[in-house]
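Next come the chains, spelled out residue by residue.
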Amino acid sequence: MNILIDSSVLIALHDSDDVHHQRSIKDLDRVQTQGDEIWITQHVLDEVMTILAKRNKFKQLKHLWQIIELGDLHIFQPKSPQQDWQIMSQTYSLLTEEKRKKASFTDLHQVILVKHRYLADSSMLSYDHHLSS
Amino acid sequence: MQDTMIKTQVYLTESQMMALKEVAQKQGKHYAELFRTALADYLKKMKVTRKKKVDWAQVAREYAEPMGGISQKIDEELYQ
């Protein structure tokens, strides 16, 4: 199975103060133990790298990049520019729905990837309350 | 299930290329096939010799630092 994680999981892992810090360790460990693959989107990568850089956490940033390079954290890539556009359009439609207006484009992009199976056999792991509703 | 082929470009030294073509000719194969076989062997070996993928608890021990609890405030972190 493919588990799409969002910024909240990776940030909680790197933030020892975070209310979800221990939970993130357990969740990631469980996902890996089950033999599932861990995925992020480029939007999530952007968010996490930006936050770590803003916080001057370059040691953490470099290590996270190393995990990606080793292939233990996959970055979702659309199969074609056409598919990319389709995903973006569907995300836009969802964003403009009234009930979803508090969720970010990045959040909803992940919802679309899982819901429409652009990432096959997948589910989401998130601590973001916008995504749990 | 067979993987989809993707086109890529790799720089080899002249001697590597010559050796690869020579072996490929002897085996009656295309050098690209030989290259893929060699790479597959290498990746298989890497997988066997690699330890547990990521020890997330160790990542947390080594890299987690107090940041004030920001997983629920991602947008504020990014845009303020």
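Up top you'll find the structure we're talking about.
Rules of the game
Residues numbered from 1 in each chain as written. Chains lettered and ligands numbered in written order. Predicted model: local features only at pLDDT ≥ 70, side-chain atom pairs only at ≥ 80, totals over all residues. Contact = placed C-beta atoms within 7 Å. Helix = DSSP H or I, 4+ residues; strand = E, 2+ residues; numbered from the N terminus. Nonpolar A, V, L, I, M, F, W, Y, C, P; charged D, E, K, R; others polar. Pairing = 2+ DSSP bridges.

Q: Even after reading the chapter, I still don't get the interface of chain B and chain A, so can you show me in this structure?
A: It is common to give the size of an interface as the accessible area that goes away when the parts come together. Each partner contributes to the interface: chain B provides 19 residues, whereas chain A provides 29 residues. Only helix H3 (56-63) and helix H4 (74-79) of chain B provide two or more residues apiece to the side of chain B that touches chain A. Split into classes, the residues belonging to the side of chain B that touches chain A amount to twelve nonpolar, three polar and four charged.

Q: When you look at the pairing of strand E1 (residues 2-5) of chain A in this model, what are you seeing that I'm missing?
A: Each regular strand shows side chains that alternate between the opposite faces of the sheet. All names here are of chain A. With three bridges connecting them, E1 and strand E2 (residues 37-40) associate as parallel partners. Across the sheet, the residue bridging to isoleucine 3 is isoleucine 38, located in E2. Examined bridge by bridge, E1 and strand E4 (residues 122-125) share four bridges and lie parallel to one another. The residue bridging asparagine 2 from the neighbouring strand is serine 122, located in E4.

Q: How should the sheet that holds E1 of chain A be read in this particular structure?
A: For sheets, the rule is that strands pair by backbone hydrogen bonds, running either parallel or antiparallel. Residue and element names in this part refer to chain A. The parallel open sheet is built from four strands, whose spatial order is E3-E2-E1-E4. Whereas interior strands pair on both sides, the edge strands pair on one side only; in this sheet they are strand E3 (74-75) and E4. Pairing of E2 with E3 involves two bridges; the strand directions are parallel. Among the inter-strand pairings, tryptophan 39 is bridged to a residue of E3, identified as histidine 74.

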